[in-house]
Amino acid sequence: MSVNPVPTIGTARRRVSILGSTGSIGCNTLDLIGRNRDSYDVVALTAQTNVKALADQAKEFDAELAVIGDETRLGDLQDALASTGIECAAGRSALEDAGARPADWVMAAIVGTAGLSPTLQAVRQGAHVALANKECLVSAGNIFLAEVAASGATLLPADSEHNAIFQVLDPAKLESVDKIILTASGGPFLGTSIEDMRKATPAQAVAHPQWSMGAKISVDSATLMNKGLELIEAHYLFPVGREKLDVVIHPQSIIHSMVAYNDGSVLAQLGSPDMRTPISYTLAWPERMETPADRLNLAEIGQLTFENPDLERFPALALAAEALRLDNGSATVMNAANEIAVAAFLSERIGFLDISALAADILEDFAAREGRASFTTLDDVLDLDDLGRQKAQEWVQKRAS
Ligand code: NAD
Ligand code: MG
């Protein structure tokens, strides 16, 4: 990972933008900025549909630019920001412009592959990019990293597991790493039987026991697809070799991930499950900043427990590991198919177990028929993403009819 000098807190104000500012990560990021107003100027904020939340944030933080993805809502946004002097824009290309607007630090917190092009714009301007949107790396992998290398941008992992690894991995000593161990809470269905999971409702699936997050990642956590996507994300962020990546279930979500070295040492980052801790580490990097996250009281917690993931009840994790092993565009197709499957589950068109069944069918079909897909340009990524979506829509239509 490249490291560029940046103004540190206390010596200069940082210009920051947040792509996906109205979501769970976006709001947590603004919460931290609100507590440190002397250190940050807000440049661009974006949302897809929630005009009121976006306009309120833009006014509160005196943003330069507010962008709404849904073009039909531009008028509402302009009305809400009339006579504030805050620029308004709408649509896909305006989201990209928000990513391209000069900033020192950009939080990539749009959910799904929709975040790829705006995040790439932030990368191309050479900013420090705090990456919450794991789908960017899962979908575009080496193509995304090549853009980072070409522009000299700095990636700062914001996903809690990857942020934990970022904190304890010495990038100069990758050859001493035995294993990178991602922890997983196991989600709301850790102890649930297959029969009960078959009947699981969207409300049950998004009720995560430890973390409060957006709907898509909450469902991904319930299927363990989230951990699968994180394995792929870890492969691109920390190049130790995919066979050295491992997952352990840790229901308390206190250890956020670990690195095992070849002398027998295991280094871990611990903390209460509050995304403001990893976000703060990217926002203040290379310094630290104070956050209101609950301080750990290990004696009160008493026990930290661990178990191996059950790949029969949670096949999505094994599917993602297989997509990573295949390294032929399978991860792009699977990721796109999963987005469609999660949306179909949330709108009650398919059942909970159908999410992994759909991803398995589409991955198998792709691996069998396409062989090694051409996968070298961003257009290849977008084509494979379209293919995954189209196949998944057909799957959902068949199941729902
Ligand atoms: P969320 O659903 O709460 O928020 C998503 C944000 O993206 C919102 O601002 C929304 O307006 C915007 N958005 C949605 N669809 C869009 C589209 N098509 N085009 C442009 N903008 C769109 O999601 P979240 O939980 O904040 O997660 C955001 C990203 O961060 C995801 O990739 C997720 O995997 C990752 N992440 C989240 C957490 C967490 O604790 N929430 C932790 C780790 C990683
Ligand atoms: Mg995570």
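Residue numbers run consecutively from 1 along every chain, following the written order of its sequence. Here chains are named by letter from A upward and ligands by number from 1 upward, in the order in which they appear as written. Selection of residues for local features in this predicted model requires a pLDDT of at least 70, selection of side-chain atom pairs for listing and counting requires 80 or more, and totals for whole chains, interfaces and linings are taken over all residues. As a convention, hydrogens and water are excluded, and side-chain values are obtained from all of the structure's heavy atoms.

## Focus on the overall build of the protein
In this text, helices come from DSSP runs of H or I with a minimum length of four residues, and strands from runs of E with a minimum of two, each type numbered from the N-terminal end. Summing up its helical and strand segments, the protein has 17 helices and eleven strands in all. Reported as C-alpha extents along the three principal axes, the dimensions of the protein are approximately 55 × 55 × 40 Å. Burial classification: accessible surface area is computed with a 1.4 Å probe over protein chains only, and a residue below 20% of its type maximum counts as buried, one above 50% as exposed, and the rest as partly exposed. Within the protein, buried positions represent 54% of all 401 residues. A contact between two residues is defined here by any heavy atoms of the two lying within 4.5 Å. Of the contacts made within the protein by residues no fewer than 6 positions apart, 69% connect residues no fewer than 24 positions apart. As presented, the protein carries roughly 16500 Å² of accessible surface, and 49% of it is formed by carbon and sulfur atoms. Distance between charge centroids for the protein: 1 Å, based on 32 positive and 53 negative side chains. With residues, only the protein chains shown are counted as cover, and all accessible areas are computed by Shrake-Rupley using a 1.4 Å probe. Charge counting follows a simple rule: Lys and Arg are positive, Asp and Glu are negative, and His as well as the terminal groups are ignored. A charged residue contributes its charge at one atom only: NZ of Lys, CZ of Arg, CG of Asp or CD of Glu.

## Things to note about the packing of helix α10 (residues 215-223) against helix α16 (residues 352-370)
A pair of packed helices is captured by two measures, namely the crossing angle of their axes and the spacing between those axes. Between the N-to-C directions of two axes lies an angle of 0 to 180 degrees, each axis being a line fitted to C-alpha atoms and, for a helix, fitted only over the stretch in contact. Where α10 contacts α16, the two axes come as close as 10 Å, and the packing angle between them is 80°. Relative to α16, the element α10 lies roughly perpendicular. Between α10, through Val219, Ala222 and Thr223, and α16, the contact on the second element is made entirely by Phe352, Ile355 and Ser356. Each residue is assigned to one of three groups, with Ala, Val, Leu, Ile, Met, Phe, Trp, Tyr, Cys and Pro labelled nonpolar, Asp, Glu, Lys and Arg labelled charged, and all others, Gly among them, labelled polar. Of the residues that constitute the contact of α10 with α16, the class distribution is four nonpolar, two polar and no charged. Each angle receives one of four descriptions, namely roughly parallel if under 35 degrees, roughly antiparallel if over 145, roughly perpendicular if within 65 to 115, and oblique otherwise.

## Overview of the coordination of the magnesium ion (ligand 2)
With water excluded from the atoms, a metal site may look incomplete; its donors are any N, O or S atoms within 2.8 Å, or within 3.2 Å for Na, K and Ca. Here the magnesium ion (ligand 2) is held by the protein donor atoms Asp159 (OD), Glu161 (OE) and Glu230 (OE), which lie 2.1 to 2.2 Å from it. A residue is classified by how much of its surface remains accessible, and Glu161, at 8% relative accessible area, is buried. Look at Glu230 and you get buried, because its relative accessible area is 1%.

## Side note on the nonpolar core
By size, the foremost hydrophobic cluster in this structure holds 126 residues, and its most contacted members are Ile33, Met107, Phe144, Ile180, Met334 and Phe352. The contacts of Ile180, once residues within four sequence positions are left out, are Ile165, Leu169, Phe238, Val240, Lys244, Leu245, Asp246, Met258 and Val259. Definition of nonpolar core: a set of buried residues of the types Ala, Val, Leu, Ile, Met, Phe, Trp, Tyr and Cys, connected through side-chain atoms within 4.5 Å.

## Digging into empty space enclosed by the protein
Points on a 1 Å grid, built from protein atoms alone, make a cavity when a 1.4 Å probe fits but cannot get out and make a pocket when they are open with protein on both sides within 12 Å along at least 5 of 7 lines; residues with an atom within 4 Å of a point are the lining residues. Grid points are joined across faces, edges and corners, and a volume is the space filled by probe spheres set on the points. One pass over the full model with this rule turns up three cavities of 30 Å³ or more. Considered as a void within the structure, the largest cavity measures approximately 80 Å³ in volume. Elements supplying a minimum of two residues to the lining of the largest cavity: α6 (134-151), α11 (225-237), α14 (315-326) and α15 (330-346). In the lining of the largest cavity, the residues fall into eight nonpolar, six polar and one charged. Where each domain starts and ends follows an automatic or database-derived domain assignment. Of the domains in this structure, domain 1 (14-158) and domain 3 (327-400) are the two that each give at least three residues to the lining of the largest cavity.

## A few points about the state of the cysteines
Cysteine sulfurs are considered disulfide-paired once they come within 2.5 Å of each other. Under the definition given, this model contains zero disulfides. Take Cys27: it sits in no disulfide, and the sulfur closest to it among the cysteines is that of Cys88, at 19 Å.

## Considering the packing of aromatic side chains
Think of it this way: a Phe, Tyr or Trp ring, Trp meaning its six-membered ring, pairs with another when their centres are within 6.5 Å, and the plane angle makes it stacked under 30 degrees, edge-to-face over 60, tilted otherwise. In the structure shown here, the tally under the stated rule is four aromatic pairs. On the numbers, 6.2 Å between centres and 35° between planes, the contact of Phe166 with Trp285 is tilted. Linking Phe166 in helix α7 (residues 160-168) with Trp285 in the loop between α12 (276-284) and α13 (298-301), this pair joins segments that are 119 residues apart in sequence. The class for Phe166 is buried, based on a relative accessible area of 17%.

## Quick look at the site of ligand 1
In the vicinity of ligand 1, 23 residues are found, and the nearest of them are Thr22, Ser24, Gln48, Glu135 and Gly214. Gly23 is positioned such that a nitrogen or oxygen atom in its backbone is 3.1 Å from an oxygen atom of ligand 1. We define a polar contact as two N or O atoms separated by no more than 3.5 Å, with the added condition that, inside protein, one atom must be a possible hydrogen donor and the other a possible acceptor, whereas residues neighbouring each other in sequence contribute only through side-chain atom pairs. Ile25 is positioned such that a nitrogen or oxygen atom in its backbone is 2.9 Å from an oxygen atom of ligand 1. For ligand 1, the accessible surface in isolation is 830 Å², of which the surrounding protein chains cover 86%. Going through the elements one at a time, α1 (24-35), α4 (92-100) and α6 are the ones with two or more residues in the shell around ligand 1. For the shell around ligand 1, the class distribution of residues is eleven nonpolar, eight polar and four charged. Per-domain counts for the shell around ligand 1 show at least three residues from each of domain 1 (14-158) and domain 2 (162-272 + 292-301). Nearness of a residue to a molecule or strand requires only that one of the residue's heavy atoms be within 4 Å of it.

## Focus on the pattern of salt bridges
Take a side-chain nitrogen of Lys or Arg and a carboxyl oxygen of Asp or Glu: if they are within 4 Å of each other, that pair is a salt bridge. Tallied over the entire structure, the rule returns 26 salt bridges. With a shortest N-O distance of 3.1 Å, Arg276 and Asp31 are connected by a salt bridge. Of this pair, Arg276 sits in helix α12 while Asp31 is found in helix α1, placing the two residues 245 residues apart along the sequence. On the basis of relative accessibility, which here comes to 16%, the residue Arg276 falls in the buried class. Owing to a relative accessible area of 26%, Asp31 belongs among the partly exposed residues under this scheme. As a salt-bridge pair, Arg242 and Asp327 come within 3.7 Å of each other at their nearest N and O atoms. One end of the pair, Arg242, is in the loop between α11 and β9 (245-249); the other, Asp327, is in the loop between α14 and α15, and 85 residues separate them in sequence. A single network of salt bridges, built from pairs that share partners, joins Lys134, Asp159, Glu161, Lys227 and Glu230.

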